[in-house]
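Results of the structural survey
The chain contents come next:
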Amino acid sequence: MVGYKLNGYKNLTKDKSVVSYLTPDKVYIPLKNGSNEDSTELVSKGNHVFKNMHIAHLKGPLKINIISSISGKVIGIEEKTFFNGQKVKCLVIENDYKEDIENNASLKKNITSYSKEEFLDCLLDAGIVGMGGASFPTYIKYSTDKKIKTLIINAVECEPYITTDYRMLFDYTEEILETIDAIMKINKIDNAILAIKKTHKSLINHINNYIGSYDHIILKTVPNLYPMGWERLLIEKTIGVEYDKLPIEQGIVVNNVSTIYAIYEALKYGKRVTERIITFSGDMLVEPVNMLVKTGTLLKDIMKEFKFKKGNFNIIAGGPMMGSIVDDDLVISPSLNCVLFLEKKCDVEVTECIRCGKCAKVCPARLSPVLIKDYLKDITMLKKLKADNCISCGLCSYICPSNIDVRSYTEKARDIVRKAG
Ligand code: SF4
Ligand code: SF4
């Protein structure tokens, strides 16, 4: 069986109520999504902006609307840290604390009554992207001529510590089920599967109390293994289907729970993506929490709300397996679901590769990470080794007895092969 059992550390946050931090003095709205940073700004220094207002567009095939999360005044452009650790250009807005909202779209009381075209427009308008880390524009997943047969709602959250979707499913069960039902009706989808880890027993019992009236939505449990939330593995495990490049080849769309809730808010209230819930956790934080924060908030400001244990720590944007080490200049973006504060360990000694083969044994993409590392400069071999299939899961680094950061090599190799085409 593909997958590896990890210590989850979910108990640190999963049963706690979500808290809020919604009053930053300034927000820094990143002009970037995934690798797309080809932006057109719609506002400039000195302009007043409303909350919920389009302030920029990202161009190209993965077009995205960039939204202001507060009302106030644009005071410039600055570089801040994106969740992948790179610097990103951000529009800086000074908060007037009025929360003046720009109302948009003609709304419908019944969210099932949108036409497919109106649904796609609404998703594009609201700036909705995959909120589990993927940041792929959601409207594109549904913009297909192919028949969508199955919608899979990914509630697996297989990385340790992260409990945002767990919390959302508990707190907004009816809204999420109502939205799945509406998406199915609007897109004429036959089946929907809500996939949850089988170890989340209380959540499963809770959902079973609500799901009865939606007999076309099926709850399926999956093993508590990493990376069970990886789309390819999840689809194989839940419906036994394989695909070549994208799930839509087989008529499948996958969304995570936070994305479904963002769709609900867009359809019901015309709300664009201006806030999200993030898990703040790790062994150096005194009180790990799930917190509702505005997009564009600076981590440095949020950290003033926290107490830390004595000692040095690394800040990780994302989970401990796939995340990146960042600084406190990190800005909150719509697809960031977790920030960790983990003790900096100084005594980790990296030694020679002992050719144990453990990295190849655990790789869910069935790659040979050790060989990819060895052939990093040989593009022909990297292509033969299918290095472009690396999903950055980090299991090869996690398992390596020599403490080699194997993932850093396999990611480089993947990027080399993808660039070469
Ligand atoms: S990071 Fe890439 S090479 Fe390493 S185990 Fe994951 S998929 Fe395989
Ligand atoms: S797990 Fe580490 S030591 Fe073992 S083969 Fe892979 S890179 Fe070498």
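Residues numbered from 1 in each chain as written. Chains lettered and ligands numbered in written order. Predicted model: local features only at pLDDT ≥ 70, side-chain atom pairs only at ≥ 80, totals over all residues. Heavy atoms only, no water.

**Points about the overall build of the chain**
In terms of helices and strands, the chain carries 13 helices and 17 strands. What you see for the chain is a C-alpha radius of gyration of 21 Å, in line with the 22 Å of a compact globule of 421 residues. A principal-axis box enclosing the C-alpha atoms of the chain has dimensions of 60 × 50 × 45 Å. In the chain, buried positions account for 54% of the 421 residues. With 58 positive and 51 negative side-chain charges, the chain shows a separation of 4 Å between the mean positions of the two kinds. (Helix = DSSP H or I, 4+ residues; strand = E, 2+ residues; numbered from the N terminus. Rg over C-alpha atoms; globule rule 2.2 N^0.38 Å. Buried < 20%, exposed > 50% of the residue type's maximum accessible area, 1.4 Å probe, protein only. Lys, Arg positive; Asp, Glu negative; His and termini not counted. Charge placed at Lys NZ, Arg CZ, Asp CG, Glu CD.)

**Considerations on the site of ligand 1**
Close to ligand 1 lie Cys363, Pro364, Pro369, Cys390, Ile391, Ser392, Cys393, Gly394, Cys396, Arg407 and Thr410, which account for all nearby residues. Here the shell around ligand 1 is composed, by residue class, of seven nonpolar, three polar and one charged. (Near = heavy atom within 4 Å. Nonpolar A, V, L, I, M, F, W, Y, C, P; charged D, E, K, R; others polar.)

**Looking at the nonpolar core**
Grouped together as the largest cluster of nonpolar side chains are 49 residues, with contacts concentrated most on Phe119, Tyr142, Leu151, Leu169, Ile180 and Ile196. Element by element, the count of residues in this core is highest for helix α7 (residues 257–269), at eight residues. Sequence-distant contacts of Tyr142, defined by excluding residues within four places in its chain, comprise Lys116, Phe119, Leu120, Leu123, Ile148, Leu151, Ile183, Asn187, Ile189, Val253 and Asn255. By size, the runner-up hydrophobic cluster in this structure holds 38 residues, among which are Ile152, Met228, Trp230 and Val370. (Core = buried A, V, L, I, M, F, W, Y, C linked by side-chain atoms within 4.5 Å. Contact = heavy atoms within 4.5 Å.)

**Remarks on the layout of surface pockets**
Approximately 1200 Å³ is the volume attributed to the second largest pocket. Along the wall of the second largest pocket there are 29 residues; nearest its centre are Ile316, Pro320, Leu342, Ser397 and Tyr398. Ranked by the residues each element gives to the lining of the second largest pocket, the list is headed by helix α13 (residues 406–420), at three residues. Of the residues assigned to the lining of the second largest pocket, the class counts are 14 nonpolar, eight polar and seven charged. (1 Å grid on protein atoms, 1.4 Å probe; cavity = no way out; pocket = protein on both sides within 12 Å on 5 of 7 lines; lining within 4 Å. Points joined across faces, edges and corners; volume = space filled by probe spheres on them.)

**Thoughts on the pairing of strand β10 (residues 191–197)**
Two faces belong to every sheet, and in a regular strand the side chains alternate between them. With six of its seven residues buried, β10 lies for the most part within the structure. Alignment of strand β9 (residues 150–154) against β10, held across five bridges, turns out to be parallel. From the neighbouring strand, Asn154 faces β10, where its bridge partner is Ala195. Bridge count between β10 and strand β11 (residues 217–222): six bridges; the pairing is parallel. (Pairing = 2+ DSSP bridges.)

**Re the sheet that holds strand β2 (residues 26–30)**
Read across the open sheet, the four strands follow the order β2-β8-β7-β4; overall the sheet is antiparallel. One side of each edge strand has no neighbouring strand; the edge strands of this open sheet are β2 and β4 (48–49). Bridge count between strand β7 (residues 72–81) and strand β8 (residues 87–95): nine bridges; the pairing is antiparallel. In the sheet register, Thr81 faces β8, and the bridge partner there is Lys87.

**Here's the deal with the sheet that holds strand β15 (residues 313–317)**
Strand order in the open sheet formed by six strands is β1-β14-β13-β17-β15-β16, and the pairing between neighbours is mixed. Taken across any chain shown, the strands that pair with only one partner, and hence form the sheet edges, are β1 (19–21) and β16 (324–326). The mean angle between the axes of side-by-side strands here comes to 35°, regardless of whether they run parallel or antiparallel. Across five bridges, the pairing between β15 and strand β17 (residues 338–343) is antiparallel. The residue of β17 that forms the bridge with Asn314 is Leu342. Strands in contact with helix α3 (residues 164–171) are β13 (275–281) and β14 (289–294); relative to β13, the strand with the most contacts, it is inclined by about 125°. (Axes fitted to C-alpha atoms, helices over the stretch in contact; angles between N-to-C directions.)

**What about empty space enclosed by the protein?**
Scanning the entire structure with this criterion turns up four cavities of 30 Å³ or more. Of the pockets and cavities examined, the largest cavity occupies roughly 180 Å³. Considering the residues around the largest cavity, the lining is formed by 16 residues, among which Pro30, Asn65, Ile66, Ile67 and Pro334 are closest to the centre. When contributions to the lining of the largest cavity are tallied by element, the ones reaching two or more residues are β2 and β6 (64–67). Per-element tally for the lining of the largest cavity: the top contributor is β6, with four residues. A breakdown of the residues in the lining of the largest cavity according to their chemical character gives ten nonpolar, five polar and one charged.

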